Amino acid sequence: MSDDVKERVGEFARSLGVEDLGVAAASDYRSPRSPELSSIFPEVKSLVVLAYKELASCDSDNMQIAMNGRLDLMEFSRSCNYKLARFLEREFEARAMTVPVSYPLPMTRETLGAVADVSTRHAAVAAGLGNFGRHNLVIHPEMGTRVIFTVVMTDLELSSDPPITERLCTDCGDCVDSCPGGALDEEGKTDVLKCLRNNQPYGIGANIRFWSRFAESPVTEQQDMLADEFYWKLYQAGSIGFQYFCFNCLKVCPIGQE
Ligand code: B12
Ligand code: SF4
Ligand code: SF4
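1. Quick look at the overall build of the chain
Thought 1: A tally of regular secondary structure across the chain gives nine helices and six strands.
Thought 2: Along the three orthogonal principal directions, the C-alpha set of the chain runs to about 70 × 40 × 35 Å.
Thought 3: Buried positions account for 33% of the 258 residues belonging to the chain.
Thought 4: In the chain, of all internal contacts separated by at least 6 residues, the share reaching a separation of at least 24 is 73%.

Shown next, in the form of structure tokens:
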């Protein structure tokens, strides 16, 4: 039964254009820092993890184009998540809930907005889609690091796909060397603040500093601040959601690029 359902789910997801997918029993999902899945969806039994190829846009030094490739992927993935969730509900009378690429995510002081409700990397590992590299990202056997994940959680009972036991990272060190902020220097940990400073120069930290300074400035200076391109970039990043200005650790990894 489980295999039949998995086959139909796989066929449907691939017909949408999803590059690869894997299934994990909820009991095989282990992400120590993330909330319990049952606190989100008490009846959850399985995770269907969808994998999408990052476009070559990430290679561009033009950060609008690089981010636009991600936005295209994010928009596409929303449609795939929704369609697959409805497929499960319609065809199998299951209940389904979707997990996005990045946001919305909990914005709490304890987690600094850096721990999502569901860790899609840990879900991908549990679903046999890859394993962690030195950059703390998941490497897929064919797509390498140029892969992004979403998840559909369901109360359907499905068995986990076999894990990838062979380590895919070759420890070449390119990701560590290419990180402009030294965020990967310590093995097994991404220094979130160092990454954020480079990756999101117009993110929440910059936003808070800008508005604090604005509130303390005389009116003429405030007018200058709003006329400055720094504010315009802040405005654009905010209206996109988050704008990433660094894809280095993702794009330099040679696995799957030969
Ligand atoms: C918040 C977030 C961030 C934050 C904080 C990252 C963080 N805390 O891990 C910031 C802004 C820094 C960030 C940066 C980036 N992110 Co981000 N991010 C997320 C998000 C939304 C949540 C991550 C989370 O909950 N982490 C908290 C917990 C789960 O992590 P943790 O317990 O601390 O575990 C970490 C370490 O302990 C270690 N680790 C844990 N177990 C193991 C086991 C082994 C063997 C090893 C070696 C390491 C290891 O790796 C984990 C990640 O750092 C996810 C999407 C999602 N919903 O999961 C995307 C996600 C992780 N981001 C992604 C990407 C691509 C990026 C960036 C390249 C930015 C960009 N341009 O896109 C950088 C890469 C930074 C890096 N090398 O780690 C992708 C990664 C895809 C992949 N192939 O793995 C994800 C999965 C988005 C997606 N849906 O595909 N991100
Ligand atoms: S996204 Fe950039 S700053 Fe962040 S860890 Fe990767 S290389 Fe470093
Ligand atoms: S760039 Fe090299 S060290 Fe970094 S994850 Fe890829 S193979 Fe591993």
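2. Description of the nonpolar core
Thought 1: Ranked by size, the top nonpolar core spans 58 residues in total, and within it Leu47, Val48, Val49, Leu50, Ala51, Ala123 and Val151 carry the most contacts.
Thought 2: Once you skip the residues sitting within four places of it in the chain, leucine 47 turns out to touch Ala24, Ala26, Tyr29, Ala123, Ala127, Val151 and Met153.

3. Describing helix α8 (residues 229-240)
For an α-helix, 3.6 residues make a turn, and residues three or four places apart therefore share a direction.
Thought 1: In this model, α8 (12 residues) spans 17 Å end to end at C-alpha, consistent with the 16 Å of a helix rising 1.5 Å per residue.
Thought 2: Where α8 ends, the next residue or the one after it, glycine 241, has phi of about 125 degrees, a positive value.

4. Details of the site of ligand 1
Thought 1: Around ligand 1, the structure places 36 residues, and the nearest of them are Ala116, Ser119, Asn136, Leu137 and Thr190.
Thought 2: For the shell around ligand 1, the secondary-structure elements that each account for two or more residues are α3 (120-126), β6 (147-154), α5 (192-199) and α9 (248-251).
Thought 3: Counted by class, the shell around ligand 1 contains 21 nonpolar, 12 polar and three charged residues.

5. With respect to the sheet that holds strand β2 (residues 46-53)
Thought 1: Judged by pairing direction, the sheet is antiparallel, and its four strands sit side by side in the order β1-β2-β6-β3 without closing on themselves. The open sheet terminates on both sides in strands that have one partner only, identified here as β1 (20-25) and β3 (96-99). Each adjacent strand pair in this sheet contributes to an overall mean axis angle of 20 degrees, direction not counted.
Thought 2: Sheet strands touched by helix α2 (residues 63-92): β2, β3 and β6. Its angle to β6, the strand with the most contacts, is close to 25 degrees.

6. Some points on the site of ligand 2
Thought 1: Inspection of the region around ligand 2 gives 13 residues, with Cys179, Cys195, Cys246, Asn248 and Cys249 positioned closest.
Thought 2: Contributions of two or more residues to the shell around ligand 2 are made by α5 and α9.
Thought 3: Among the elements that take part in the shell around ligand 2, α5 stands out by supplying three residues, more than any other.
Thought 4: Here the residues of the shell around ligand 2 sort into seven nonpolar, six polar and no charged.

7. Topic: the environment of aspartate 20
Thought 1: Secondary-structure assignment places aspartate 20 in strand β1.
Thought 2: Judged by local crowding, aspartate 20 falls into the buried class, with 23 C-beta atoms found within 10 Å.
Thought 3: Separated by 122 residues in the primary sequence, aspartate 20 and glutamate 142 place their C-alpha atoms 9.9 Å from one another.

8. What to know about the environment of lysine 233
Thought 1: Relative to the helices and strands, lysine 233 is located in helix α8.
Thought 2: Exposure remark for lysine 233: the 16 C-beta atoms within 10 Å place this residue in the partly exposed category.

9. Overview of the environment of arginine 33
Thought 1: Note that arginine 33 resides in the loop between β1 and β2.
Thought 2: You can call arginine 33 exposed: it has 10 C-beta atoms within 10 Å.
Thought 3: Note: C-alpha distance between arginine 33 and valine 115 (82 residues apart in sequence) is 7.5 Å.

The rules we used
- Residues numbered from 1 in each chain as written.
- Chains lettered and ligands numbered in written order.
- Predicted model: local features only at pLDDT ≥ 70, side-chain atom pairs only at ≥ 80, totals over all residues.
- Helix = DSSP H or I, 4+ residues; strand = E, 2+ residues; numbered from the N terminus.
- Buried ≥ 20, exposed ≤ 12 C-beta atoms within 10 Å, placed from the backbone.
- Contact = placed C-beta atoms within 7 Å.
- Core = buried A, V, L, I, M, F, W, Y, C linked by C-beta atoms within 7 Å.
- Expected span 1.5 Å × (residues − 1).
- Near = placed C-beta within 6 Å.
- Nonpolar A, V, L, I, M, F, W, Y, C, P; charged D, E, K, R; others polar.
- Pairing = 2+ DSSP bridges.
- Axes fitted to C-alpha atoms, helices over the stretch in contact; angles between N-to-C directions.

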